[in-house]
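Observations on the model geometry
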Amino acid sequence: MITEVPCLAARDEPGGDGTRVGVDVTFLCMDRAPPGIPPVLPHGYSIRQTFRPGVAWYRGLYDAVGADYCWWLRRVMPDGDLAALLSSPGIGVHVLYDGDTPAGFCELDSRYAPDINIAYFGLLPAWIGRGVGQVFLHQMVARAWAMNPAVLRVNTCSADHPRALPNYQRAGFRRVRTIHEIWTIPDTLGLKVPAHLRLD
């Protein structure tokens, strides 16, 4: 990978009133760990796993990373449901820090072991273009394989940054299939929906 991966769009289910969008969702997988040792994070950066994160804290991070890429499912999830999800031992929230400032996060979902899914991955806007995203992704791939999965999965979509798909492929993922989905994003969320995705 050469560039940052600004986001990973987890598959959001359509429903409710709002803006209808059409997206192509590409599913990828990795059958074996990449050879060699992942690159080291630049000086001053670290990755820290946050256990049982609070709902408000998590939503702030999720919203900051995904606002430009139509991340909306966790925005509409009831607080109680989100708290239960985040407290699951199968959910791991790994935060990239620049010093003590969050710069991005990766959420690993091992609830359906032996498969592990990279459910969300992204950087906050101020850190896109600094060259740390590729290293963060490689580090998280290594952390996932340290959990001994049978397969590591990720998906991205046409609402994501255009470099997301090629960056996942450069990291060792292979394309499995691409499907077209229609989502209805609630207008009450105030998200900026790109014109090329709108169906209405």
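Thresholds, definitions, all that
- In this numbering scheme, every chain counts its residues from 1 along its sequence in written order.
- The predicted origin of the model limits local features to residues at a pLDDT of at least 70 and limits the giving and counting of side-chain atom pairs to 80 or more, whereas totals for whole chains, interfaces and linings rest on all residues.
- Side-chain metrics in this entry use all non-hydrogen atoms of the structure; hydrogen atoms and water are not considered.
- To obtain each axis, a line is fitted to C-alpha atoms, and for helices this fit is confined to the stretch in contact; angles are then taken between N-to-C directions over 0 to 180 degrees.
- Where helices and strands are cited, they refer to DSSP runs of H or I of at least four residues and of E of at least two residues respectively, numbered from the N terminus.
- Orientation labels follow simple angle bins: below 35 degrees gives roughly parallel, above 145 gives roughly antiparallel, 65 to 115 gives roughly perpendicular, and whatever is left gives oblique.
- Note on definitions: a residue-residue contact is assigned when non-hydrogen atoms from the two residues lie within 4.5 Å.
- Throughout this entry, Asp, Glu, Lys and Arg are counted as charged residues, while Ala, Val, Leu, Ile, Met, Phe, Trp, Tyr, Cys and Pro are counted as nonpolar. The remaining residues, Gly among them, count as polar.
- We call two strands paired when DSSP finds no fewer than two bridges between them.
- A score between 0 and 100, pLDDT records how confident the predictor is in each residue.
- Nonpolar cores were defined as sets of buried Ala, Val, Leu, Ile, Met, Phe, Trp, Tyr and Cys residues, with membership established by side-chain atoms within 4.5 Å.
- To sort residues, take the accessible area from a 1.4 Å probe on protein chains only and compare it with the maximum for the residue type: under 20% means buried, over 50% means exposed, and anything in between is partly exposed.
- What counts as a disulfide here is a pair of cysteine sulfur atoms lying within 2.5 Å.
- Between Lys or Arg on one side and Asp or Glu on the other, a salt bridge is scored when a side-chain nitrogen of the former is within 4 Å of a carboxyl oxygen of the latter.
- Take the residue count of a helix, subtract one, and multiply by 1.5 Å to get its expected span.
- The arc in question is traced by the directions running from the helix axis to the C-beta atoms.

The next point concerns the packing of helix 1 (residues 55–66) against helix 3 (residues 79–86). Between helix 1 and helix 3, the shortest axis-to-axis distance is 10 Å and the interhelical angle comes to 90 degrees. Accordingly, the angle class assigned to the pair helix 1 and helix 3 is roughly perpendicular. Of the residues in helix 3, those in contact with Val55, Tyr58 and Arg59 of helix 1 are Asp79, Leu82, Ala83 and Leu86. Looking at the contact of helix 1 with helix 3 residue by residue, the classes come out as five nonpolar, no polar and two charged.

In space, the seven strands of this open sheet follow the order 2-3-4-5-6-1-7, with mixed pairing throughout. A single partner strand is all that each edge strand has here, and the edge strands are strand 2 (45–50) and strand 7 (174–185). With strand direction ignored, the average angle separating the axes of adjacent strands in the sheet is 25 degrees. Note that strand 2 and strand 3 (residues 91–98) share six bridges and pair antiparallel. Of the residues in strand 3, the one forming a bridge with Thr50 is Val93. Where helix 4 (residues 133–145) meets the sheet, its contacts fall on strand 1 (19–30), strand 2, strand 3, strand 4 (101–109), strand 5 (115–123) and strand 6 (151–157), and the angle it forms with strand 5 comes to roughly 160 degrees.

Confidence along the protein chain averages 90 in pLDDT terms, with 92% of residues attaining 70 or more. Per-element confidence in the protein chain ranges from a low mean pLDDT of 92 for helix 5 (residues 164–170) to a high of 98 for strand 3. Confidence drops under pLDDT 50 across residues 1–15; counting only partners more than four residues distant or on other chains, this segment forms 82 contacts.

On to the nonpolar core, then. Across soluble globular proteins, nonpolar side chains have a tendency to be buried as a group. In terms of nonpolar packing, the biggest core is built from 48 residues, with Leu96, Phe105, Leu152 and Phe173 touching the most fellow members. Ignoring any residue separated from it by four or fewer positions in sequence, one finds Phe173 in contact with Leu28, Cys29, Met30, Ile118, Val141, Leu152, Arg153, Val154 and Tyr168. Core analysis: the next-biggest nonpolar cluster, separate from the first, contains 13 residues, Phe27, Cys70, Cys157 and Trp183 among them.

On to the environment of Trp72, then. Its place among the elements puts Trp72 in the loop between helix 1 and helix 2 (73–76). By relative accessible area, which is 3% here, Trp72 ends up buried. Each C-alpha atom of the pair Trp72 and Thr184 lies 9.9 Å from the other, and the pair is 112 residues apart in sequence.

Moving on, we come to unusual backbone geometry. Of the consecutive residues Ala113 and Pro114, the connecting peptide bond is found in the cis state with omega at 15 degrees. In this structure, Pro114 sits in the loop between strand 4 and strand 5. Backbone geometry at Arg52 places phi at a positive 50 degrees, although glycine is not the residue there. By the secondary structure assignment, Arg52 is in the loop between strand 2 and helix 1. Here Arg52 falls in the exposed class, since its relative accessible area comes to 63%. The phi dihedral of Cys70 is positive, around 60 degrees, even though this residue is not glycine. Within the secondary structure, Cys70 sits in the loop between helix 1 and helix 2. The buried category is assigned to Cys70, whose relative accessible area is 1%.

Scanning all chains against the criterion turns up zero disulfides. The structure places no disulfide on Cys29, whose sulfur is separated from the nearest cysteine sulfur, that of Cys106, by 17 Å.

By the definition in use, this model includes eight salt bridges. Asp109 is paired through a salt bridge with Arg111; the nearest N and O atoms lie 2.7 Å apart. Of the residues examined, Arg111 reaches a relative accessible area of 39% and is grouped as partly exposed.

Counted at 1.5 Å a residue, the expected span for helix 1 with its 12 residues is 16 Å, and the 16 Å between its end C-alpha atoms agrees. Those residues of helix 1 lying buried are Val55, Tyr58, Arg59, Leu61, Tyr62, Val65 and Gly66. Viewed along the axis of helix 1, the buried residues span an arc of 165 degrees, placing them on a single side of the element. Those residues of helix 1 hidden inside the fold are in contact with helix 2, helix 3, strand 3, strand 4 and strand 5.

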